[in-house]
Amino acid sequence: MTRGPSHHGYGDPAGGYAPVTGEPDAPGVGAVLGWLDGKPLPRAELDRRLAALRTGPRSTALPAPGTAEDRQLTRWVAQVVLTEELCAAEAAARGLAADGAPPVRLDQRAAVELGSIAAAAYEGSAAVRAVYGAVTADVTVSPAEVAAYRESTARPPAGPVWRLRTPDGEFDAEPGTLPADLAGALGSAVPGQTVTAGPWTATLLARREPAPDPGPGSPGPEGALLDAARRLAFVRWLDHARAHRLRLVPGLEHPGDPAQPDNHHRH
């Protein structure tokens, strides 16, 4: 596990799967992390990870044992482990190769879009990444979606920027933001020249022309849009799988579940 819970909300919606107090022929609740497809999952891995956190280099940043925040941390780690177990079972059912791959690191945007729990599971578990690839393999982005994105993010062409020095200091300015008389005088100046126009005096230090239009052959937004669409598809698949295949025990509810007693989201 590489990511930790955020201070507010723990990064993911509550997910919709309810806690239970026991299952037929299951071990005692205290020894169980939860039930996956009706089968009990031992709590041992959760306890191992919590112990590693509490004896690790960042232990001083963890909440005090026994506090509400400490119980929320336990819930968050439990959800990461449950997500990994769910995806390990799914990978096995699909015959996906999910062994031996080292951990990865998501960029900030991907981690936010997945949510902190799914992001931590994705980073640490090859099975989660294998299932992610399988369930999002058919996701596409249509030309209409690409066109809509281009239209919504279009900006006017950039103009030149001048680096100026005035009695108030140095700064960058676009010609259109300057008084017209001063802009006119600077327009014919060479770098290093000082001009005066009415009450204004400025030295032109440098001109920076706008970057050229990348043109039709340059990389477009398709790749980033597809990545975002795949993450959304995976989160939806994961939420559905959690709701239908996982059962929780009291005390290990999702940290964002409004029904559990330590969910006290405040500003």
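Residues numbered from 1 in each chain as written. Predicted model: local features only at pLDDT ≥ 70, side-chain atom pairs only at ≥ 80, totals over all residues. Heavy atoms only, no water.

1. Quick word on the overall build of the chain
To keep it simple, the criterion reads: Secondary structure elements follow DSSP: runs of H or I no shorter than four residues count as helices, runs of E no shorter than two count as strands, and numbering proceeds from the N terminus. Classification of residues uses two cut-offs on accessible area relative to the type maximum, computed with a 1.4 Å probe and protein chains only: under 20% is buried, over 50% is exposed, and between them is partly exposed. Whether two residues are in contact is decided by their heavy atoms, any of which lying within 4.5 Å being enough. Only the protein chains shown count as cover for residues, and the accessible areas themselves come from Shrake-Rupley with a 1.4 Å probe.
Helices and strands together make up the secondary structure of the chain, namely eight helices and seven strands. Per-residue burial for the chain yields a buried fraction of 36% across its 267 residues. A fraction of 70% describes how many contacts in the chain between residues 6 or more apart in sequence connect residues 24 or more apart. Carbon and sulfur atoms provide 56% of the accessible area of the chain, an area that totals close to 14900 Å².

2. Observations concerning the sheet that holds strand E3 (residues 161-166)
For clarity, the cut-off: Following DSSP output, two strands are said to pair if at least two bridges run between them. Fitted lines through C-alpha atoms serve as axes, helices being fitted only where they are in contact, and the angles separating the N-to-C directions of these axes extend from 0 to 180 degrees.
Read from one edge to the other, the open sheet built from four strands follows the order E4-E3-E6-E5, with strand pairing classed as antiparallel. Strands with a single pairing partner mark the edges of an open sheet, and in this sheet they are strand E4 (169-173) and strand E5 (194-197). In this sheet, adjacent strand axes meet at a mean angle of 35° when their direction is disregarded. Sheet topology places E3 next to E4; five bridges connect them, and they run antiparallel. The partner of Thr166 across the bridge, within E4, is Gly169.

3. Observations regarding the nonpolar core
This is how it is decided: In this description, a nonpolar core means a group of buried Ala, Val, Leu, Ile, Met, Phe, Trp, Tyr and Cys residues linked to one another through side-chain atoms lying within 4.5 Å.
Grouped together as the largest cluster of nonpolar side chains are 43 residues, with contacts concentrated most on Leu33, Leu114, Phe234 and Trp237. Of all the secondary-structure elements, those providing two or more residues to this core are strand E1 (32-36), helix H1 (44-54), helix H2 (68-94), helix H3 (108-114), helix H4 (116-124), helix H5 (126-135), helix H8 (222-245) and strand E7 (246-248). Counting residues per element, this core draws most heavily on H2, at 10 residues. In this structure, Phe234 is in contact with Cys87, Leu114, Val128, Val131, Tyr132, Val135 and Thr136, ignoring residues within four places of it in sequence.

4. Focus on unusual backbone geometry
A positive phi angle, close to 55°, is found at Asp37, a residue other than glycine. Relative to the helices and strands, Asp37 resides in the loop between E1 and strand E2 (39-42). What makes Asp37 partly exposed here is its relative accessible area of 44%.

5. A word on the confidence of the model for the chain
Note the following rule: Each residue carries a pLDDT score, the predictor's own confidence in it, on a scale running from 0 to 100.
Looking at the chain, the pLDDT average stands at 86 and 84% of residues meet or exceed 70. Model confidence for the chain, summarised as mean pLDDT per element, is weakest for helix H6 (residues 143-153) at 90 and strongest for H5 at 97. Here residues 6-11 scores under 50 on pLDDT; set against residues more than four positions off or in separate chains, the count is 15 contacts. Predicted confidence is poor over residues 18-27, with pLDDT under 50, and the contacts of this stretch with residues over four places away or in other chains come to 20 contacts.

6. Description of the environment of Asp138
Secondary-structure assignment places Asp138 in the loop between H5 and H6. Separated by 95 residues in the primary sequence, Asp138 and Ala233 place their C-alpha atoms 9.9 Å from one another.

7. A closer look at the packing of H2 against H5
We apply this condition: We call two directions roughly parallel when the angle between them is under 35 degrees, roughly antiparallel when it is over 145, roughly perpendicular when it lies between 65 and 115, and oblique otherwise. Each helix crossing is assigned a hand: it is left-handed if the near helix lies turned anticlockwise from the far helix by less than a right angle, otherwise right-handed if that turn is clockwise. In this count, Pro and Cys sit with the nonpolar residues alongside Ala, Val, Leu, Ile, Met, Phe, Trp and Tyr, while Asp, Glu, Lys and Arg are called charged and the others, Gly among them, polar.
At a minimum axis separation of 8 Å, H2 and H5 run at an interaxial angle of 60°. It follows from the interaxial angle that H2 and H5 lie oblique. Note that H2 runs across H5; the crossing there is left-handed. Between H2 and H5, the contacting residues are Thr83, Glu84, Cys87, Ala88, Glu90, Ala91 and Arg94 on the first element and Ala127, Val128, Val131, Ala134 and Val135 on the second. Taken together, the residues that form the contact of H2 with H5 break down as eight nonpolar, one polar and three charged.

8. Concerning the packing of aromatic side chains
Note the following rule: Each Phe, Tyr or Trp ring (for Trp, its six-membered ring) is paired with any other whose centre lies within 6.5 Å, and the angle between the two planes then decides the class: stacked below 30 degrees, edge-to-face above 60, tilted in between.
What the rule picks out here adds up to three aromatic pairs. Centroid distance Phe234 to Trp237: 6.0 Å. Interplanar angle 20°. Geometry classified as stacked. Taken together, the positions of Phe234 and Trp237, both in helix H8 and three residues apart, correspond to about one turn of that helix. An aromatic cluster is defined as three or more aromatic residues linked by ring pairs; in this entry it consists of Tyr122, Tyr132, Phe234 and Trp237.

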